[in-house]
Amino acid sequence: LHKIIDAPICPIVWTLKAWPIIAIGFFAGKYFTNYIQNINKALLFILGCILIAFSILLVITPPFDIPYVNGLLSNTIPALGFIFLFASVRVNPIIKFFSYWGINSLVLMCTHYSITEELLRLFDCLILHNSVFSGPRTLVYFTIAILMTYPIVGLFNGKLKYMLGR
């Protein structure tokens with residue numbers, strides 16, 4: 001009964017928790033885009049690595065007793081670190097990968113959990129007989145899920161382009 005009552009309320013609560021983090025990321029991206037182009041690439045690389053390492057430290061030992069503040073810090077600091085790190089590389093094939101998934105993020109969000117991740121969980125449970133979906137194999141499953149999503153994106157960009165409201 002609790003799950004039935006909680007089901008329509010949880011997405012609203014999650015959205016309210018997520019929008020400040022998304023807004024901070026949006027404004028940080030707009031703010032830092034102009035300044036990143038003028039900064040030395042070596043300095044950007046070092047700063048990016050420091051921010052990523054610091055974010056790992058924040059996840060391991062949270063500095064505050066307020067989970068929301070810890071979540072805000074552990075989500076925004078590594079994002080800035082990766083922005084700096086990727087901006088330090090002059091020819092960046094990684095940017096093409098992230099641009100593709102940024103453009104197709106709606107398809108990715110609609111299918112990655114409901115289709116690809118559930119198929120991989122079924123494979124892990126029924127075929128490999130693992131009871132817990134965790135550990136290093138989740139990185140392998142993540143790679144497989146991305147590879148499985150490429151044809152799904154092609155399908156939604158082609159024959160089903162109006163299915164998700166484009």
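Relevant structure appears above.
Residues numbered from 1 in each chain as written. Predicted model: local features only at pLDDT ≥ 70, side-chain atom pairs only at ≥ 80, totals over all residues. Heavy atoms only, no water.

K.L.:
How would you sum up the packing of helix 2 (residues 10-36) against helix 4 (residues 67-88)? Please name residues and give values.
P.N.:
Orientation of helix 2 relative to helix 4, taken along the N-to-C sense of each, is 25°, at an axis distance of 10 Å. Between helix 2 and helix 4, the angle falls in the class roughly parallel. As for how helix 2 packs across helix 4, the hand of that crossing is right-handed. Mapping the contact onto sequence places Lys17, Pro20, Ile21, Ile24, Ala28, Phe32 and Ile36 in helix 2 and Tyr68, Leu72, Asn75, Thr76, Leu80, Ile83, Phe84 and Ala87 in helix 4. Its residues assigned to classes, the contact of helix 2 with helix 4 shows twelve nonpolar, two polar and one charged. (Axes fitted to C-alpha atoms, helices over the stretch in contact; angles between N-to-C directions. Helix = DSSP H or I, 4+ residues; strand = E, 2+ residues; numbered from the N terminus. Parallel < 35°, antiparallel > 145°, perpendicular 65-115°, else oblique. Left-handed = near helix turned anticlockwise from the far one by under 90°. Contact = heavy atoms within 4.5 Å. Nonpolar A, V, L, I, M, F, W, Y, C, P; charged D, E, K, R; others polar.)

K.L.:
A description of the packing of helix 3 (residues 41-60) against helix 4 should follow, citing residues and the corresponding values.
P.N.:
Packing of helix 3 against helix 4 brings their axes to within 7 Å, and their N-to-C directions diverge by 155°. Classified by the angle between their axes, helix 3 and helix 4 sit roughly antiparallel to one another. By crossing handedness, the relation of helix 3 to helix 4 is classed as left-handed. In this structure, helix 3 uses Lys41, Leu44, Phe45, Leu47, Gly48, Cys49, Leu51, Ile52, Phe54, Ser55, Leu58 and Val59 to contact helix 4, whose residues at the interface are Leu73, Ser74, Ile77, Pro78, Leu80, Gly81, Phe82, Phe84, Leu85, Ala87 and Ser88.

In short, shape yes, function no, at least from these values alone.
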